[in-house]
Amino acid sequence: KEMMNALYAMDEVMQSNEMNMNLAAVTPVVLILLGMRSTFRFMYYVLLKLGKSKEETYAAFRHIILDIERLLVMRDNPPSAPPRRTTTTTSQIQHQKHHYVHQSVLGSDDLGMLMLHIHECRVMLWENRRRFSRLIVRDVVEDLAEVSGERGPVSVQQQIKIIARMCRTYPFLKVVSTGVSFDLSRE
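This structure is a prediction, so every number in the text was calculated from the model and none was measured.

Novice: What is the right way to look at the environment of Gln158 in this model?
Specialist: Among the structural elements, Gln158 can be located in helix α6 (residues 156-169). Spatially, the C-alpha atoms of Gln158 and Val105 are 9.9 Å apart, while their sequence positions differ by 53 residues. There is a polar contact of 2.8 Å between the side chain of Gln158 and the backbone nitrogen of Ser155.

Next comes the structure, spelled out in structure tokens:
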């Protein structure tokens, strides 16, 4: 009878440990699958160069937004041309300065460059739409339409503010620190 009780107790212990044993049996398979997944992604993106990784796509999008911001900042209230050596009256010089201060829209060349950058952003969103949520694609396209002036005329200052809002709002436009130090020297 004691032997039966001991066997019964051993069966209970084995049943209570069965979950732990199942987890221990599954762990190597999960680790192998994760390793195969990372190896496949590495081969797909790096070796075969069939596409860009999510990080590369986000970095390229940030680079285009940076180019747009550079263009807008350089065209925001540009300095006036130096006065000519001819005899001009003070009222003419003040009129020239007044004209340049209120020139807050892009010229045709700059507007064309801005439209090219916006087109690049839209193409990147379309080609990599799986990397962005549907809501983010809709909002970014709307913001790009505002920057380009499709929703009405905008000044350079408004365009700069829209770009700043985009950089604040969308997480993929924020640069995330990797924790890697910038010390490039190897000892």
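Novice: Whenever I open this one, the pattern of salt bridges confuses me. Can you help?
Specialist: A side chain with one charge can pair with a side chain of the opposite charge if their charged atoms come near. In total, this model carries seven salt bridges according to the counting rule given. Here Asp67 makes a salt bridge to Arg70, at a shortest N to O gap of 3.1 Å. Placement of the pair is Asp67 and Arg70 together in helix α2 (residues 54-75), with a separation of three residues, close to one helical turn. The exposure class of Asp67 is partly exposed, given its relative accessible area of 21%. A relative accessible area of 46% means that Arg70 is categorised as partly exposed. Close ionic contact of Asp139 with Arg138 constitutes a salt bridge, the shortest N to O distance being 3.2 Å. Owing to a relative accessible area of 25%, Asp139 belongs among the partly exposed residues under this scheme. A residue is classified by how much of its surface remains accessible, and Arg138, at 54% relative accessible area, is exposed.

Novice: Quick question: what am I supposed to make of the packing of aromatic side chains here?
Specialist: Each pair of aromatic rings is reported with the distance of its centres and the angle of its planes. Under the criterion given, the structure shown has six aromatic pairs. For the pair Tyr58 and Phe132, a centre-to-centre distance of 5.4 Å together with 45 degrees between the ring planes defines the contact as tilted. With Tyr58 in helix α2 and Phe132 in the loop between α4 (108-127) and α5 (134-148), this pair connects stretches of sequence that are 74 residues apart. In this pair, the class of Tyr58 matches that of Phe132, namely buried. When the ring of Phe132 is compared with that of Phe172, the centres are 4.9 Å apart and the planes differ by 70 degrees; the resulting orientation is edge-to-face. A residue pair is termed long-range when its members are at least 10 positions apart, and Phe132 in the loop between α4 and α5 and Phe172 in the segment after α6 qualify at 40 residues. Across the pair, exposure class does not vary: Phe132 and Phe172 are buried alike. Ring pairing ties together the aromatic residues Tyr58, Phe61, Phe132, Tyr170 and Phe172, which thus form one cluster.

The rules we used
Residues numbered from 1 in each chain as written. Predicted model: local features only at pLDDT ≥ 70, side-chain atom pairs only at ≥ 80, totals over all residues. Heavy atoms only, no water. Helix = DSSP H or I, 4+ residues; strand = E, 2+ residues; numbered from the N terminus. Polar contact = N/O pair within 3.5 Å; in protein donor to acceptor, adjacent residues only side chain to side chain. Salt bridge = Lys/Arg side-chain N within 4 Å of Asp/Glu carboxyl O. Buried < 20%, exposed > 50% of the residue type's maximum accessible area, 1.4 Å probe, protein only. Phe/Tyr/Trp six-rings, centres within 6.5 Å; stacked < 30°, edge-to-face > 60°.

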